[in-house]
Each structure stands twice: as C-alpha cells, then as structure tokens.
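# Chain and residue survey
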Amino acid sequence: MVYLIDTNIIIRFLVGDNEEHFKIAVDIFDKIENGQIKAEILEPVLIEAYFVLIKFYKLPKDEVIEDLKKIIALKGIIGDKILLLETLNNLLSKNIDFADALICAKSKLYVYSKLSFDNDLKKC
C-alpha cells in the first residue's frame, strides 16, 4: 500500500507546534525513512506546505526548501522525486514563484515547451 501525505503531516513534522500531532508525524516519517511504508507527496501538497511554512509560519525560504528536500529524499517516498527536487532547486536558485519553478522543472525534465507571457519563465 502507498500512502498519500497531506500537507498537515508535513507541517506538524517540521513545525512541531502540536505535541500529539508532532509525535504521530515523527512516527510516520520514521517509518518512511526506514522503508517500512511507502508514501507519495503530490505537487499541490508540496506547494501548500511551502506556502504555509513561508507565509504563515514566516520561516526562512532556504531552510524550508532544505527541509522539504530532506523529506522528499527519504527512502520510502515514491513518485516523481526528481521533479519535486528540481522544482525546489529552481525556487532557491532562480527567485521565481512555485508555479514557475514547477513549469521550469517539468519542461526541463520532460523536454516540454512552455507557453506563457510570464518573463520569469525565461529564467529557466
């Protein structure tokens, strides 16, 4: 069985502002890290986690990106890890928004063309 991780699991794990939920999230990520369970982080979940951590919790962008990259790199995380990691790398290095970072990553990895009026996509 593969589990889909919701944003709140990632937030509780990284922020730890609810002790009960934090302990459960730690247990979940321990099992993922040890390969006991397989889980996937969908692109919208990653986007939401990033924005909540940056905008609501006011955490530094570079720290949030590094923490999210560590989660994605866990042994039991499956799915398009390379796409998610490339998106986070684009966020950090190109100073563009999340949607543009994702479009840049997908166009690079899958050799897709881009259609946009957005000049930020030229940074890809």
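Residues numbered from 1 in each chain as written. Predicted model: local features only at pLDDT ≥ 70, side-chain atom pairs only at ≥ 80, totals over all residues. Heavy atoms only, no water.

Structural remark: α-helix, 3.6 residues per turn; residues separated by three or four positions point the same way. Over its 14 residues, helix H3 (residues 43-56) extends 19 Å from the first C-alpha to the last, a length consistent with the 20 Å expected when each residue adds 1.5 Å. Looking at the buried residues of H3, the elements they touch are helix H1 (7-15), helix H4 (61-72), helix H5 (81-94) and helix H6 (98-110). Lysine 58 sits one or two positions beyond H3 and adopts a positive phi of about 55°. (Helix = DSSP H or I, 4+ residues; strand = E, 2+ residues; numbered from the N terminus. Expected span 1.5 Å × (residues − 1). Contact = heavy atoms within 4.5 Å.)

Grouped together as the largest cluster of nonpolar side chains are 29 residues, with contacts concentrated most on Ile10 and Ile41. Breaking this core down by element, the ones donating at least two residues are H1, helix H2 (19-33), H3, H4, H5 and H6. With 6 residues, the top contributor of residues to this core is H3. With residues near it in sequence (within four places) discarded, isoleucine 10 still touches Ile5, Phe29, Ile41, Val45, Ala49, Leu68 and Ile71. (Core = buried A, V, L, I, M, F, W, Y, C linked by side-chain atoms within 4.5 Å. Buried < 20%, exposed > 50% of the residue type's maximum accessible area, 1.4 Å probe, protein only.)

This paragraph deals with the sheet that holds strand S3 (residues 77-78). Pairing within the open sheet is parallel, and its 3 strands lie in the order S1-S2-S3. On the outer flanks of this sheet lie strand S1 (2-4) and S3, each paired with one strand and no other. Sheet analysis places strand S2 (residues 38-40) next to S3, joined by 2 bridges and oriented parallel. Its bridge partner lying in S3, glutamate 40 is registered against isoleucine 78. (Pairing = 2+ DSSP bridges.)

Right, let's get into the pattern of salt bridges. Applying the stated criterion across every chain yields a total of 5 salt bridges. Between glutamate 66 and lysine 69 there is a salt bridge; the shortest N-O distance is 3.5 Å. Highlighted residues: glutamate 66 and lysine 69, both in helix H4, separated by 3 residues, approximately one helical turn. Taking the relative accessible area as the measure of exposure, glutamate 66 reaches 33% and is therefore partly exposed. Overall, the relative accessible area of 18% leaves lysine 69 in the buried class. (Salt bridge = Lys/Arg side-chain N within 4 Å of Asp/Glu carboxyl O.)

Over its 13 residues, H6 runs 18 Å from end to end, which matches the ideal 18 Å to within 8%, given 1.5 Å per residue. Lining the buried residues of H6 we find H3 and H5. Looking one or two residues past H6, valine 111 carries a phi angle of roughly 55°, positive in sign.

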